[in-house]
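Examination of the molecular architecture
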Amino acid sequence: MSNDFWSKLNLRRLKGYFLIVPTFLFELIFFIVPLIIVFVYSFSKVDSFGRITFEFTLQNYFNVLTPEFSRTILRTLGIAALSTLACLIIGYPVAYYIGFKAKSRQNILVMLIIIPFWLSFVARTYSIISIFSTNGILNQILTFLGFVGDKPQWLYTWYSVVFGMVYNYLPMMVLPIYASVEKLNPQYLEAAQSLGASPINAFFKVTLPLTLPGVFAGSILVFIPSVGEFLIPELLGGIEWYMIGNHLWIIFLTMGNYPLGSALSIVLILLVILITLLYIKYFAKEVELSF
Amino acid sequence: MKKVSDIVLKIYVSLVYMMLYLPIAILVLFSFNEGITMGGRRIGSTVLWKGFSLEWYERLFRNQEIWTALTNSTIIGVITSIVSAVLGTISAYALIRYEMKGKNLFYIMMLVPIIIPEITEALSLLLFYVLFNIKLGLNTIIIGHATFCVAYVFTVVRARLSDYDRSLEEAALSLGATPFQTFIKVTLPLLAPGVLAGTLLAFTQSFDDLIKASFTTGSGVITLPMLIFSKIKSGVSPEINAVATITLVISGTLAFISYWISKRS
């Protein structure tokens, strides 16, 4: 009896492993191993002919820390942080509205938030150009409204990059916040208000703390792709607002300096991990405190 | 007082929705803009309306480059989504259904391809291909797309499976069905909506991808997003609006099918 039981259990286990091994190997070979290769390349040497030799050196990391690259790294972090904040400020009321006020139209409103995520990223980013260009829709509206004088330059500024990020990543912020707003029991709010809290007070003492997990998830989901973004600064920012992603593109696809690019991308990965961990640590505390 | 704040909130939310859809609407509108002849060439504006015309679509239709790119993107998308559907589904199923050690490690392994910046994934795969002397082309793009599309299918199917009722399978087995029959007749139909939704998502993610394709392509293989990107770099034109509109229609249709499937089940 017990013998039979064990052999059966082992067989079941083996079956599970057997089913999982192809996927595991696939991700191991084509995802994990390449990341290890980047790590190795980042310590390798490149001579003046562009030949790469695998001799240990930290030179690539020193090159990444020169003022030019440091500025790019800081600019990248700044734009990503600003975009996350903008998504939060713009997206929170939307998530709040869908979760609280629009019970009957909830499904359609959520679907309308999700649809852009399915639509071509290149097409969506391209669509901003016609809005922001010198003779674009925005300036046409301004002229129509009676603004005269020099047409403001919208494209190739930091705010057009941030706008592009918000436009593309807003769903990533709205959906998790909406999920936590929807879970919120409206009776808590009623209780707060019947105990004399003003609506604004009730919002800051009840609604906001209880939806912090959504805010936290949304912020991570916006921040991470923003830090690694290539297309938005490429089309809407121009060389002056190039981010790490644009430099990686040039270093790899134009210059072919793999060791330098590897070091820069290791820095990018470390930044993403570090900031996410700091954020989790800080916010996990906040979330705990609020309960 | 309360009414006023509700109205303000409503107007604000409408504005945000408008912000999400207006640029797309304008992009589609100007793909139908009439061009003018200048110096023997047809040019057109993407911001000043001249009149309705299908000339940019006609031009696309005759453009061999677009057809090649569309074919490449479709081939890559179809093979990627089939590979991802198989690998993503069986691993999600195995993880829910069987006792195993190291489950959490596997979850993390399937989460990382989704959250890591795509460009680092793309360049690491390029280094892998270069190091092992693998010839770049369609195959290398498909592998590149599959690494994150597997993770998408895995995540979607796993979410669907978490409330999956195992007693149905046990009932089939106790009524004399073989494990294989049970899988085909009971498990698969239960999984189907999740698998389909995940596969459609995988297809659109592959079909719309620019970065991984650009890093892992070779021998002149060009995909639709790469073609659109290179055209944008050489100047905006209603022709780009027309190609972009076509990609919007394709992925929009797939999004609608996915929504319809999830609503039906």
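Reading guide: rules and limits
- Residues numbered from 1 in each chain as written.
- Chains lettered and ligands numbered in written order.
- Predicted model: local features only at pLDDT ≥ 70, side-chain atom pairs only at ≥ 80, totals over all residues.
- Helix = DSSP H or I, 4+ residues; strand = E, 2+ residues; numbered from the N terminus.
- Rg over C-alpha atoms; globule rule 2.2 N^0.38 Å.
- Buried ≥ 20, exposed ≤ 12 C-beta atoms within 10 Å, placed from the backbone.
- Contact = placed C-beta atoms within 7 Å.
- Nonpolar A, V, L, I, M, F, W, Y, C, P; charged D, E, K, R; others polar.
- Domains from an automatic or database assignment.
- Core = buried A, V, L, I, M, F, W, Y, C linked by C-beta atoms within 7 Å.

Comments concerning the overall build of chain B
- Across its full length, chain B carries 11 helices and two strands.
- Taken from N to C terminus, the helices and strands of chain B fall in the order α-β-β-α-α-α-α-α-α-α-α-α-α.
- Relative to its length of 265 residues, chain B is extended, with a C-alpha radius of gyration of 23 Å against a globular reference of 18 Å.
- Principal-axis analysis of the C-alpha atoms places the extent of chain B at approximately 75 × 70 × 35 Å.
- The buried share of chain B, reckoned over its 265 residues, is 42%.
- A separation of at least 24 residues holds for 76% of the contacts in chain B among residues at least 6 apart in sequence.

Side note on the overall build of chain A
- If you tally the helices and strands in chain A, you get 12 helices and two strands.
- For chain A, the succession of helices and strands along the chain, N to C, is α-β-β-α-α-α-α-α-α-α-α-α-α-α.
- Here chain A has a C-alpha radius of gyration of 25 Å; the compact-globule value for 291 residues is 19 Å, and the former is much larger.
- Counting only C-alpha atoms, chain A reaches 85 × 70 × 35 Å along its principal axes.
- The burial tally for chain A puts 40% of its 291 residues in the buried class.
- A fraction of 73% describes how many contacts in chain A between residues 6 or more apart in sequence connect residues 24 or more apart.

Brief notes about the interface of chain B and chain A
- Opposite the 63 residues of chain B that make contact, chain A presents 65 residues.
- Looking at the side of chain B that touches chain A, the elements with two or more residues in it are α1 (2-30), α3 (64-97), α4 (103-115), α5 (118-131), α6 (138-161), α9 (211-216), α10 (224-233) and α11 (238-264) of chain B.
- Looking at the side of chain B that touches chain A element by element, the count peaks at 13 residues for α1 of chain B.
- A class-by-class count of the residues in the side of chain B that touches chain A yields 49 nonpolar, 10 polar and four charged.

A look at the domain arrangement of chain B
- The domain boundaries assigned to chain B delineate domain 1 (2-43) and domain 2 (63-234).
- Inter-centroid distance (C-alpha atoms) of domain 1 of chain B to domain 2 of chain B is 33 Å.

A few points about the nonpolar core
- Counting residues in hydrophobic clusters, the biggest one holds 132 residues, and the most contacted among them are Ala 95 and Val 174 of chain A together with Leu 123 and Val 153 of chain B.
- With 15 residues, the single largest contributor to this core is helix α7 (residues 158-183) of chain A.
- Summarising the domain contributions, this core has at least three residues from each of domain 1 (2-43) and domain 2 (63-234) of chain B.
- With residues near it in sequence (within four places) discarded, Val 174 of chain A still touches Gly 91, Val 94, Ala 95 and Ile 113 of chain A.

Notes on α10 of chain B
- Every buried residue belonging to α10 of chain B is among Leu 224, Pro 225, Met 226, Leu 227, Ile 228 and Phe 229 of chain B, and all of these are buried.
- Those residues of α10 of chain B hidden inside the fold are in contact with α5 (121-132) of chain A together with α3, α9 and α11 of chain B.
- Just downstream of α10 of chain B lies Gly 235 of chain B, where phi reads positive at about 120°.

Notes on the environment of Ser 124 of chain B
- Structurally, Ser 124 of chain B is set in helix α5.
- Ser 124 of chain B sits 32 residues away from Ala 92 of chain B along the chain, and the two C-alpha atoms are 26 Å apart.
- Once you skip the residues sitting within four places of it in the chain, Ser 124 of chain B turns out to touch Pro 34, Leu 35, Ile 37 and Val 38 of chain A.

Some points on the environment of Phe 183 of chain B
- Mapped onto the elements, Phe 183 of chain B comes out in helix α8 (residues 179-207).
- Sequence-wise, Phe 183 of chain B and Leu 173 of chain B are 10 residues apart; in three dimensions their C-alpha atoms are separated by 9.9 Å.

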